[in-house]
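The primary structure of each chain is shown beneath.
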Amino acid sequence: MPDLSLDLHPESPTDQAAIERLHERAFGPGRFSRTAFRLREGVPSFANLCFTARVGTLLVGSIRLSPIEIGRGVPAVLLGPITIDPAFQSKGIGGALMRRAMDQARHEGHRLIMLVGDAPYYERFGFAVVPPGRLLLPGPVDPARLLVAELVEGAFAGVAGAVRGAAAAR
């Protein structure tokens, strides 16, 4: 495949149907029962932290970030879903979306990002495995897949407790 001419854009309301089809292809119907989905349920994403990736006019990737609270009201951001069209995986699109979303979150003053994912992939973006038992989620999660990244050094120090979706304060 020739080099991709990739364009990243803020997500717009007209992208919704294409993003939903992308999620369906990538994750299937089981996506609705996942713990991360349960944290996002009924919680609008941060519109200014959601981006799409296009090759020409084709939407090939999407990333969304949503507000969460940890413990006694510590604000954080839940990263996900990040979705790349299966035909376009392993071409750097996910990394480009990650960097764009994390840079924007940092720029807007967010301090902490959490996600459920593969540590070997996300470590390069500054994510680390959360010590077991430190965070409580509303469903099962493999402890080796519960990850956090500090956008501000020390932001995760002393943070512990139940994780829940939160109304967007920004």
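Notes on the structure in this doc start here. (Residues numbered from 1 in each chain as written. Predicted model: local features only at pLDDT ≥ 70, side-chain atom pairs only at ≥ 80, totals over all residues. Heavy atoms only, no water.)

**Considerations on the overall build of the chain**
Consideration 1: Along the backbone of the chain there are 4 helices and 9 strands.
Consideration 2: For the chain, the sequential pattern of α-helices and β-strands runs β-α-α-β-β-β-α-β-α-β-β-β-β.
Consideration 3: Here the C-alpha atoms of the chain give a radius of gyration of 15 Å, agreeing with the 15 Å that 2.2 N^0.38 yields for 170 residues.
Consideration 4: Summarising its shape, the C-alpha atoms of the chain cover approximately 45 × 35 × 30 Å along the three principal directions.
Consideration 5: The buried share among the 170 residues of the chain stands at 44%.
Consideration 6: Of all intrachain contacts in the chain linking residues separated by at least 6 positions in sequence, the fraction that spans at least 24 positions is 70%.
Consideration 7: The chain carries 19 positive and 16 negative side-chain charges, and their two centres are separated by 3 Å. (Helix = DSSP H or I, 4+ residues; strand = E, 2+ residues; numbered from the N terminus. Rg over C-alpha atoms; globule rule 2.2 N^0.38 Å. Buried < 20%, exposed > 50% of the residue type's maximum accessible area, 1.4 Å probe, protein only. Contact = heavy atoms within 4.5 Å. Lys, Arg positive; Asp, Glu negative; His and termini not counted. Charge placed at Lys NZ, Arg CZ, Asp CG, Glu CD.)

**Points about the pairing of strand β3 (residues 58-70)**
Consideration 1: β3 sits mainly inside the fold: 11 of its 13 residues count as buried.
Consideration 2: From the end of strand β2 (residues 51-55) to the start of β3, which pair antiparallel, there are 2 residues, and G56 there has a positive phi angle of about 65°.
Consideration 3: Note: β3 against strand β4 (residues 74-84), 9 bridges, orientation antiparallel. Paired with I70 across the strands is V74, a residue of β4.
Consideration 4: Between β3 and the antiparallel strand that follows it, β4, lie 3 residues; G71 among them carries a positive phi value of about 60°.
Consideration 5: When β3 meets strand β9 (residues 161-165), the two strands line up antiparallel, connected through 3 bridges. Bridge pairing links I68 to G165 in β9. (Pairing = 2+ DSSP bridges.)

**Describing the side chain of R54**
Consideration 1: The residue R54 is located in strand β2 in this model.
Consideration 2: One polar contact links the side chain of R54 to the main-chain carbonyl oxygen of T57, over a distance of 3.1 Å.
Consideration 3: Contact partners of R54, with chain neighbours within four places excluded, come to S5, L6, D7, H9, D15, L59 and V60. (Polar contact = N/O pair within 3.5 Å; in protein donor to acceptor, adjacent residues only side chain to side chain.)

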